Amino acid sequence: MGVMTAPAPAVLRPLAVKPVAIVTALTAIPLLLTANRYGYFGDELYFLAAGRHLAWGYVDQPPLLPLLAKAMDALGHSPFVLRIPAMLAVLAGVFLTALIARELGGGARAQTLAAATSAVSAETLAGGHYLATSTVDPFLWTLVLWLLVRWLRTRADSLLVWTGVVTAVALYTKFLIGGFWLAAGVALLACGPRELLRRPALWLGAAIAVVALVPTLLWQATHGWPQLGMGAAISAEVGSTWGGRLTFVPTAVLAAGFPVGAVLLLYGLWRLLRSRELRFLGWTTVLLTLVFLAVNGRFYYVAGMYPVCWAVAAVALERGEPARWWRWVTTWPCYALSAVLVLPIALPVWPREWLTEHPSLPAPVFAFAEIGWPEGTRSVAGAFARLPEPDRTAVVTETYWEASALDRYGRDLGLPEPASGNRGYATLVVPPENTTDVLFVGKDPRPLLGHFAEVRPIGEVDTGAAMPSQFDGVPLWLATGRAEPWSELWPKLVNTHT
């Protein structure tokens, strides 16, 4: 028996406003309290830098996040202000998860369970702390899924047009939602309801998304389609950082939250695959997992499918359908346990000094990429000021994180605008032609060899007590005697896909 067989609109259960609002408010509390802790994440610094060079596209992403970062930075120069959209996206995602459960016929308990499961997910809470594509994109997927599930219940075709509008916004965040629609199309053809594919409103929505995407596609075309090369770069990065294909599925499951989110994710997927009208969403989840596994993508690429799995599981639990032996998973002690386990690894709940004093303390995975950027920039600025000819010296960094940090904090310290041949930063800044020397910030100066008369070490970045830090200990090099014009040299130093 399926979880849902397209009930009539009158069957819709009342919205559990109070309990869902309480869950959403409880989720907001730790996000608000920790939003200004530690500092900007490396990618956030990059979005701020890219926002100072607005374009219709970038080597590594569409333009929405840089535009959003620029807008928020205009309101206030702090991580808290920058992260307001991320917090709102996460809180809206919690609420939307409850709405999906409601569309599936869930009452107050199912809606509350669905919202609470989203709230104790590591992916949800960590996403609320960073303005990142991995936060905004899953929220937009959740919105698309709610519209689709609502269409299944009401058959109101205007909802399909709105899926196209939301898809257009998602495509300006990340191109991954295109994969969702391809996988969903295959699943619909295989197991239905094929009626969805015959609706003109769906194709009108698709046309809206395609037309809206034209400007960024033109940017990609005129720049040689650099986005196509990012897949290989991410695959290589995942292999060295995240553990690769071997850990993809376990990490994706655990990121849903342990024990509650992981259990309801798997049970919800099983329920989707057994549902007559929702089966295509189950197979879409499976197909996306297989594709992202095959290309060695990042585990959070499938996070947009979590909410519908949680919602289906919550509705089944409300109806008393699962086996009794694991119903204890959705009791309040387990939700409390999930919250206790996830908070220290998702949010910076500890003072920064504690991480230095107690290295074994559980900390957010990316704490090292938030700490030490201002201190490290001061160290670089000091080294730059001691150079024999600073006016004729460009600053070039090995990674886009380092360049972004120097761009953010170095302008008031006498540093010139930094350049980097790494990822999307390569198209933002080119060293000025009147510079003959380079202060290189990075571990590997080999790309400079043969293009300068001399390359020698002159020190390293010191972040002091701001630890743990990605920036601490990064070597500094001085390259003197540039042998060719920057117009010829810079393309040789650019490596946008590493």
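Predicted, not measured: the structure shown is a model, and the values here were computed from it.

## Focus: the overall build of the protein chain
The number of helices and strands found in the protein chain is 21 helices and five strands. For 498 residues, the compact-globule formula gives about 23 Å, and the C-alpha radius of gyration of the protein chain, at 24 Å, lands near that figure. Dimensions along the principal axes, computed over C-alpha positions, put the protein chain at roughly 75 × 50 × 40 Å. Taken over 498 residues, the protein chain has a buried fraction of 56%. Sequence-distant contacts in the protein chain: of pairs separated by 6 or more residues, those separated by 24 or more amount to 77%. Surface summary for the protein chain: the accessible area is close to 20,300 Å², and the carbon and sulfur share equals 67%. A gap of 16 Å separates the mean positions of the 36 positive and 33 negative side-chain charges of the protein chain.

## Overview of the pattern of salt bridges
What the rule picks out here adds up to 15 salt bridges. The residue Glu195 makes a salt bridge to Arg155 at a minimum N-O spacing of 3.6 Å. Within this pair, whereas Glu195 is found in the loop between helix H10 (176-191) and helix H11 (200-222), its partner Arg155 is found in the loop between helix H8 (133-154) and helix H9 (158-171), the two being separated by 40 residues in sequence. Residue Glu195 is classed as partly exposed on the basis of its relative accessible area, which comes to 25%. Take Arg155: its relative accessible area is 23%, and that puts it in the partly exposed class. For Glu433, the salt bridge goes to Arg482, with nearest N and O atoms at 3.3 Å. Of the two residues, Glu433 sits in the loop between strand S2 (419-420) and strand S3 (437-441) while Arg482 sits in strand S5 (residues 475-482), which places them 49 residues apart along the sequence. One network of salt bridges, in which partners are shared, links Arg155, Asp157, Glu195, Arg199 and Glu277.

## Considering the UniProt feature "transmembrane region" (unreviewed entry) in the protein chain
Residues annotated in UniProt with the feature "transmembrane region" (unreviewed entry) correspond here to residues 20-40, 80-101, 130-149, 161-189, 201-221, 248-270, 277-293 and 329-350. A distance of 26 Å separates the end C-alpha atoms of residues 277-293, which is 88% helix and 0% strand.

Quick notes on the rules
Residues numbered from 1 in each chain as written. Predicted model: local features only at pLDDT ≥ 70, side-chain atom pairs only at ≥ 80, totals over all residues. Heavy atoms only, no water. Helix = DSSP H or I, 4+ residues; strand = E, 2+ residues; numbered from the N terminus. Rg over C-alpha atoms; globule rule 2.2 N^0.38 Å. Buried < 20%, exposed > 50% of the residue type's maximum accessible area, 1.4 Å probe, protein only. Contact = heavy atoms within 4.5 Å. Areas by Shrake-Rupley, 256 points an atom, 1.4 Å probe, with all protein chains shown as cover. Lys, Arg positive; Asp, Glu negative; His and termini not counted. Charge placed at Lys NZ, Arg CZ, Asp CG, Glu CD. Salt bridge = Lys/Arg side-chain N within 4 Å of Asp/Glu carboxyl O. UniProt positions renumbered as here; feature names shortened; annotations may be inferred.

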